[in-house]
Amino acid sequence: MNSLMSLLRGALGALTTLAVLASASHAQQPTPGGTLTMVVQPEPPTLVSAFNSAGPIGVVSTKMLEGLLTYDFDMVPKPVLAESWKVSPDGKTITFNLRKGVKWHDGRDFTSADVQFSAMKVWKELHPRGRSTFAKLTAVETPGPLVAIFKLSEASPYMMSALSGYESQVLPKHVYDGTDMAQNPANGKPVGTGPFILKEWQKGNFILLEKNPNYWDKGRPYLDKIVMRIIPDAAARSAAFETGEVLLGGFSPVPLSDVKRLEASGKFDVETRGYEYLAPIFLLEFNLKNKYLQDKRVRHAIAHAIDQNLVVKTVWYGFGKPATGPVPSVLTQFYNGNVPKYAFDPKRAEALLDEAGFPRAGGGKRFKLIHDYLPYGADYQRTAEYLKQALGKVGIDVEIRSQDTAAFLKRVYTDNDFDMSSNFFYALPDPTIGVQRIYWSKNIKKGVPFSNASGYSNPEMDRVIEATQVEHDRKARRALIDSMQVMAQDDLPVLDLFEVRFFTLASKKVQDHTLSGEGVYSSFSKVWLKK
Amino acid sequence: MPSVSAIRRSHDEPCYTRAVLRIARLLVRRFLRAIPIVLGIAVFNFLLLQLAPGDAVDVLVGEAGGATPEYVAELRTRFGLDQPVPVQLGRYLANVATLDLGYSFRHNMPVASLILSRLPATLLLMAGAIGIAFTAGVLLGVTAARNVRRPLDAIVSVVALLAYATPVFWIGLMLILLFSVHLQWLPSGGMLTVGADLAGWDLMVDVLRHMVLPTVTLALFYLALYTRLMRASMLEVYGQDYVTTARAKGAGESRVAFHHVLRNALLPMVTMLGLQVGSLLGGSVLVETVFGWPGLGRLAFEAVFQRDHNLLLGILLLSSVLVVVANIVVDLLYARLDPRIELT
C-alpha cells in the first residue's frame, strides 16, 4: 500500500514538473477563451466616462469605449483609434490619422465625424476637466473620413497626455448627437468601438461584458467574458479572492493588512504599476487664513515634525513612497528631485515654531489646529491619528474631526472652514492638468472640489503656471515646471506627504493585465487566462 | 319547509356580510387616517435630509477628482439643487401627490424603477430570514418553556443570547471563512453565478446556494428575539388558571402545550412579526454589504453618502407606507387570533 502511494506520488510529481516545464515554454503564447471575474468598487453610477471621470466608471467603461491614444509606463503616447499623428512646429495644429475598418458595436463605421463631435461637444463642454484641458481647442476639421485635424488658438502641450480611453472617450455621434447627453440611455448601455460589449448590468450585483467578435484588432480580445462583481465589504472581497471566485481587482481592492497573507499563499500577484497615468499623491492642505499657518515657518516646522517614512511603512503597509514635492516621481518627464526638503527633525521643528513666536505655553502646548481628513477608509483615519501624535510632540495640539465625504468636501472647498486637511489628489500625466490647480491663484474657487483650498496666491507662481500652459518647447517647458516645484516646496501651501501606490491584485492565472501606465483603465483586449 | 342547513346559512349570511362591511369600513378609515401621517413623514424626511452638509454634486465631483466651476454649476441646475429649499420641497410633494417618486440623477434612472429592480432580492432575503427565524423561534421557545430551568432551557437561552449579542457582520464573515474559504461548500457572496446562463431548476438551485449564508446570518439575529419572546410568552400563559383546568381534565403535557398554550402565546409574536415586516424594505445593510446582496438596504445606505436625496426619500416613503399597512394587517390578525379583541 505504502509503496503504491509513493509510486503514485512520484508519478504525480513528475507530471507536475512536466506541466510546469510545458507552461514555462508557452509563457508568451496567450490562450484565448475563458471568463475573467473581477471586482469593481464602488459600483459606477453610469458606464460612460466621457463626461464623468469617477474612478470605477473608468474601470468598466474603458473595456467598451476607446480613446485616440494610450500611454506606456513613461506616459509616451501609443496608437489606439488614432494610428499616427503629427504636431505642427508651432503646436497649434495636430493631425490624427484614424484607424481603418473600426466599427461601432451597432455596426456603423467609426469616422472622423465621431472624433469631431466627441472633442467639441463632449470633452470640451461636458467633461469635468475637459473644459480646461481643451480650452484652446477651437475646431476639429475633417478633410476625410479618417483624418481629424485639431486646431488650437495656442499651443496646449498637455493635451496630448489627455487622449486616453478613460480621460477622453470617443463617443458615437449617431447615438448622441441632438440628444440630452447626460440622460442618453447609451450611458447605461454603451455603444463603443472597444473589445467588449455590455451584456447585462444588474445594479448592486454585477456587470457582464462579452467579447466583441468584430473588434478591429483581429484575434483579440482573448477573453470570452468579463464579469465585474460589486462586493462592498473589503473583508468579503478578500474572501472572494481566496475562494477563487474573483480573479482580479484594481485600486487596492482588499484591506492593506490582508495583502501579505494573500501574497504568501503564492496564488496572487500584487502589481503596483499601472497607476502612472493617475499618479496619486497624499497631501496636507494648510488654510493660509489661519493665523498660525499663515507663517511659512510654521508650515516648514510641520513638515519637519512628520516622519514620512513612518507614515508609509506603518500606516500604509509600504504602499507608498515619501514625496519630495508636488510632482510624483512616476511622472519621469516632469519630476524634479532638486527642491527644498524637510527632513524628519522635531528639534528643528520646535526651533522654527519658537522663532515664529509661538512658544510652548501652559501644558507644553503652543497652539491648536483642527484636522479634517478625507474619509476614504481606515488608512486615512490612522494617518490623521499619526499626525495628531507627531505634531503633539512638537507642541501643536491637533484635534481630529470626522465627517463623511460630502460634508468633508463642502467644508474644505465650499465653506473653507478648516485649518488643515489631509487629502489625496491625482497629479495626472501633466502638471498643467493635475498639479497647477492646487497652486494657481485663479483656481481659488468656492464650491469646486480639489481646487486651490489653501488660498495660496503668489504672482510669480501664477506667471510660471500660465507660461507652462502655452510653452510649446519641451526644454523651456521643463524648466518652468522645475521652477514651479522649487517654489511650491519653499512656500509650502500644501505639504505633499507621499505618493500613493495603489495595487492591482490578480490571481496568477490572469496574464498581461498590466501592460501600460493605464493599468485597469486599459481595454483588457490582451488579457488572457492561463489554463 | 327550509332544511336546517338552509336556516343556518340564512342566519349566517347577513352576519358574514356585516363583518365584511365592518372590515371594509375600518380599512377605509385607517387608510384615510394614514394619509396625513405619510405626508408628515415625507415633509419631515425632506427637511431632515437638508441638514446633511454637502450635496449630490459635491459627491459626484469629488469622485471625479475635480471639475471646472461651470461644470459644477451646470450639474446643480440640472439636479434642481440651485432652487431655494421651499421650492424644492414643493416640487417634491407635488411629485409624491401624483405617485411619482422622482428621478435619481446619480443612477440616471427613475427612483421607482430603481427600487423595483432591488425589491425581489430584498423580499427573498428578508422573507427567508424572517420565515426561518419565526418558525425556529417558535420551536425553540416552546422547547425552552416546556423544559424551564432544566439544561435544555439553559442551552437554548445561551445560544439565543449569543446569536443576539454577536455582531451580524462578524457572524457573516465567519460563516464565509468556514463554508466558502475553508470547506468551499457555498459561494462567498452575490446572488447568482454570473455568466453561467442557468435557467429553470438549475437557476433556482444556484440562487438557493447563494441565499443560504446571508439568510442564515440574518435569521440568527432575529431567531434570538423570537426565541426569547416565545419562551416568556409561553411561561406566562402556562401560569393561567385555564391551563390548570386543562391539566385537571387529564390533558397530556403535549396537548396542553400545543393546543391550549401555544395559540394564546402567539399574540406577542404576531406583534413582533408585524414590526419586522414593517422594516422589510430597509433590509439589512450589514448582511447585504458583507454578502454583496443587491438589496434595498444597501441602496438606501449608499444613497445617504451619495446625498442622492430623491432615492433616499423614495425608499423612506415606501417604508413608511409599508409600516402603516403592516400595522393594519396585524390588527386584523389579532382579531382573528383572539375573538375577544374588537376592531375599531
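Residues numbered from 1 in each chain as written. Chains lettered and ligands numbered in written order. Predicted model: local features only at pLDDT ≥ 70, side-chain atom pairs only at ≥ 80, totals over all residues. Heavy atoms only, no water.

## Quick word on the overall build of chain A
Then, in step 1: A count of helical and extended segments in chain A gives 16 helices and 21 strands.
Then, in step 2: Counting only C-alpha atoms, chain A reaches 80 × 75 × 40 Å along its principal axes.
Then, in step 3: For chain A, the proportion of its 531 residues judged to be buried stands at 60%.
Then, in step 4: Contacts in chain A between residues far apart in sequence, at least 24 positions, make up 71% of those at least 6 positions apart.
Then, in step 5: A total of about 20300 Å² of accessible surface is found on chain A, and carbon and sulfur atoms cover 54% of it.
Then, in step 6: Measuring between centres, the 64 positive side-chain charges of chain A sit 2 Å from its 56 negative side-chain charges. (Helix = DSSP H or I, 4+ residues; strand = E, 2+ residues; numbered from the N terminus. Buried < 20%, exposed > 50% of the residue type's maximum accessible area, 1.4 Å probe, protein only. Contact = heavy atoms within 4.5 Å. Areas by Shrake-Rupley, 256 points an atom, 1.4 Å probe, with all protein chains shown as cover. Lys, Arg positive; Asp, Glu negative; His and termini not counted. Charge placed at Lys NZ, Arg CZ, Asp CG, Glu CD.)

## Details of the interface of chain A and chain B
How big an interface is tends to be reported as the loss of accessible area on association of its parts.
Then, in step 1: Listed by partner, the interface residues are 47 residues for chain A and 49 residues for chain B.
Then, in step 2: Put simply, chain A and chain B have 3 salt bridges between them.
Then, in step 3: The salt bridge involving Arg131 of chain A is made with Glu74 of chain B; its shortest N-O contact spans 3.6 Å.
Then, in step 4: If you look at where chain A meets chain B, you find 7 residue pairs in polar contact (both at pLDDT 80 or more).
Then, in step 5: It is helix H6 (residues 234-243) of chain A that provides the largest number of residues to the side of chain A that touches chain B, a total of 6 residues. (Salt bridge = Lys/Arg side-chain N within 4 Å of Asp/Glu carboxyl O. Polar contact = N/O pair within 3.5 Å; in protein donor to acceptor, adjacent residues only side chain to side chain.)

## Points about the packing of aromatic side chains
Residue and element names in this part refer to chain B.
Then, in step 1: Taken as a whole and judged by the stated rule, the model has 37 aromatic pairs over all chains.
Then, in step 2: Between Phe46 and Tyr92, the ring centres sit 5.8 Å apart and the planes meet at 20°, which makes this aromatic pair stacked. Here the residue Phe46 occupies a position in helix H1 (residues 4-50), and Tyr92 occupies one in helix H4 (residues 85-97), the gap between them amounting to 46 residues.
Then, in step 3: On the basis of relative accessible area, Tyr92 is assigned to the buried category, the value being 6%.
Then, in step 4: Seen in terms of ring centroids, Phe179 and Trp185 are 5.9 Å apart; in terms of plane orientation they differ by 45°. Their pairing is tilted.
Then, in step 5: When its relative accessible area of 53% is taken as the criterion, Trp185 is described as exposed. (Phe/Tyr/Trp six-rings, centres within 6.5 Å; stacked < 30°, edge-to-face > 60°.)

## Digging into the confidence of the model for chain B
If pLDDT is low for a region, its predicted coordinates should not be looked at in detail.
Residues and elements named next belong to chain B.
Then, in step 1: Scored by pLDDT, chain B comes out at a mean of 84, with 94% of its residues at no less than 70.
Then, in step 2: Here residues 1-10 is modelled with pLDDT under 50, and outside its nearest four sequence neighbours on either side it reaches 1 contact, counting other chains as well.
Then, in step 3: Reported confidence for the predicted complex is 0.80 by ipTM and 0.84 by pTM. (pLDDT = per-residue confidence, 0-100.)

## Points about the layout of surface pockets
Taking a probe equal in size to a water molecule and rolling it over the atoms shows the remaining empty space.
Then, in step 1: Volume-wise, the second largest pocket comes out at about 680 Å³.
Then, in step 2: In terms of lining, the second largest pocket is formed by 30 residues, of which the most central are Phe79, Gly80, Leu81, Gln88 and Asn310 of chain B.
Then, in step 3: Secondary structure elements with two or more residues in the lining of the second largest pocket: helix H12 (405-414) of chain A together with H1, helix H2 (56-64), helix H3 (69-79), H4 and helix H14 (309-337) of chain B.
Then, in step 4: Among the elements that make up the lining of the second largest pocket, the one with the highest residue count is H4 of chain B (5 residues).
Then, in step 5: Taken together, the residues that form the lining of the second largest pocket break down as 13 nonpolar, 9 polar and 8 charged.
Then, in step 6: No fewer than three residues from each of domain 1 (4-104) and domain 2 (119-337) of chain B sit in the lining of the second largest pocket. (1 Å grid on protein atoms, 1.4 Å probe; cavity = no way out; pocket = protein on both sides within 12 Å on 5 of 7 lines; lining within 4 Å. Points joined across faces, edges and corners; volume = space filled by probe spheres on them. Nonpolar A, V, L, I, M, F, W, Y, C, P; charged D, E, K, R; others polar. Domains from an automatic or database assignment.)

## Describing the nonpolar core
Then, in step 1: In terms of nonpolar packing, the biggest core is built from 163 residues, with Leu36, Leu68, Phe150, Ile302 and Ile306 of chain A touching the most fellow members.
Then, in step 2: Leave out the neighbours within four places in its chain, and Leu36 of chain A touches Leu223, Lys225, Ile226, Val227, Leu247, Leu248, Val510, Phe524, Val527 and Leu529 of chain A.
Then, in step 3: By size, the runner-up hydrophobic cluster in this structure holds 43 residues, among which are Met126, Ala129, Met234 and Met272 of chain B. (Core = buried A, V, L, I, M, F, W, Y, C linked by side-chain atoms within 4.5 Å.)

## A word on a positive patch on the surface
Then, in step 1: Taken together, the side chains of Arg22, Arg25, Arg29 and Arg33 of chain B make up a positively charged region of the molecular surface.
Then, in step 2: When you line up the elements, Arg33 of chain B lands in helix H1. (Patch = residues over 30% accessible without salt bridge, like charges linked within 9 Å, V, L, I, M, F, W, Y side chains within 5 Å.)

## Some details on the pairing of strand S8 (residues 196-202) of chain A
Looking along a regular strand, one sees the side chains alternate between the two faces of the sheet.
All names here are of chain A.
Then, in step 1: As paired elements, S8 and strand S9 (residues 206-211) share 6 bridges and run antiparallel to each other. Along S9, the bridge assignment pairs Gln202 with Phe206.
Then, in step 2: The turn joining S8 and S9, which pair antiparallel and follow one another in sequence, is formed by 3 residues; a positive phi near 80° is taken by Gly204. (Pairing = 2+ DSSP bridges.)

## A few points about the domain arrangement of chain B
All names here are of chain B.
Then, in step 1: Taken domain by domain, chain B comprises domain 1 (4-104) and domain 2 (119-337).
Then, in step 2: Here the C-alpha centroids of domain 1 and domain 2 sit 27 Å apart.
Then, in step 3: Here domain 1 and domain 2 share an interface that buries about 1900 Å² over both sides, 72% of which is from carbon and sulfur atoms.
Then, in step 4: Its largest share of buried area at the contact with domain 2, domain 1 owes to Arg30, Leu49 and Leu101, together 27% of the area lost on that side. (Buried area = accessible area lost by both parts, 1.4 Å probe.)

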